[in-house]
Amino acid sequence: QVRLVESGGGLVQAGDSLRLSCAASRGTVSIYHMGWFRQAPGKEREFVAVITRSGATNYADSMGRFTISRDSAKNTVDLQMNSLTPEDTAVYYCAADRAYSGTYYKQYDHWGQGTQVTVSS
């Protein structure tokens, strides 16, 4: 069973930085592709970034301010977010899949409960 628990969300001001963390079941981050997605109220869940089990990374076009990283020893995947804007306000989700490392959220098999990020102007 894959378990994913996000943390690090909160209320920040525009221009601030925030670091989200996804704690995964032991071994998960080394054998699964790990992604971050976000969902704003009334909008579809959207891709933010992914790190494959080989360590390759991919980002959504608009996420140049974000960096995804992995710590296999700690079984965590982090998302460093800089220069936040109110448009970044959303629930951020961690996802994992053994075979898929793309941008379509419905293809990921495992999800965390999400962590709220609110950016005030």
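Here goes a summary of the coordinates provided. (Residues numbered from 1 in each chain as written. Predicted model: local features only at pLDDT ≥ 70, side-chain atom pairs only at ≥ 80, totals over all residues. Heavy atoms only, no water.)

1. Structural notes on the overall build of the chain
(1) Moving on: Helix and strand content of the chain: 1 helix and 11 strands.
(2) Moving on: Seen in sequence order, the chain has helices and strands lined up from the N terminus as β-β-β-α-β-β-β-β-β-β-β-β.
(3) Moving on: Over its C-alpha atoms the chain spans a radius of gyration of 13 Å, differing by no more than 12% from the 14 Å that the globule rule assigns to 121 residues.
(4) Moving on: Dimensions of the chain, computed from the C-alpha atoms along their principal axes, are close to 40 × 25 × 25 Å.
(5) Moving on: Residues classed as buried in the chain amount to 43% of the 121 residues present.
(6) Moving on: A separation of at least 24 residues holds for 57% of the contacts in the chain among residues at least 6 apart in sequence.
(7) Moving on: Roughly 6200 Å² of accessible area belongs to the chain as shown, and the carbon and sulfur atoms make up 44% of that amount.
(8) Moving on: The chain carries 12 positive and 11 negative side-chain charges, and their two centres are separated by 7 Å. (Helix = DSSP H or I, 4+ residues; strand = E, 2+ residues; numbered from the N terminus. Rg over C-alpha atoms; globule rule 2.2 N^0.38 Å. Buried < 20%, exposed > 50% of the residue type's maximum accessible area, 1.4 Å probe, protein only. Contact = heavy atoms within 4.5 Å. Areas by Shrake-Rupley, 256 points an atom, 1.4 Å probe, with all protein chains shown as cover. Lys, Arg positive; Asp, Glu negative; His and termini not counted. Charge placed at Lys NZ, Arg CZ, Asp CG, Glu CD.)

2. With respect to the environment of Arg3
(1) Moving on: When you line up the elements, Arg3 lands in the segment before β1 (4-7).
(2) Moving on: Overall, Arg3 belongs to the exposed group, its relative accessible area being 59%.
(3) Moving on: Sequence separation between Arg3 and Lys74 is 71 residues; the distance between their C-alpha atoms is 14 Å.

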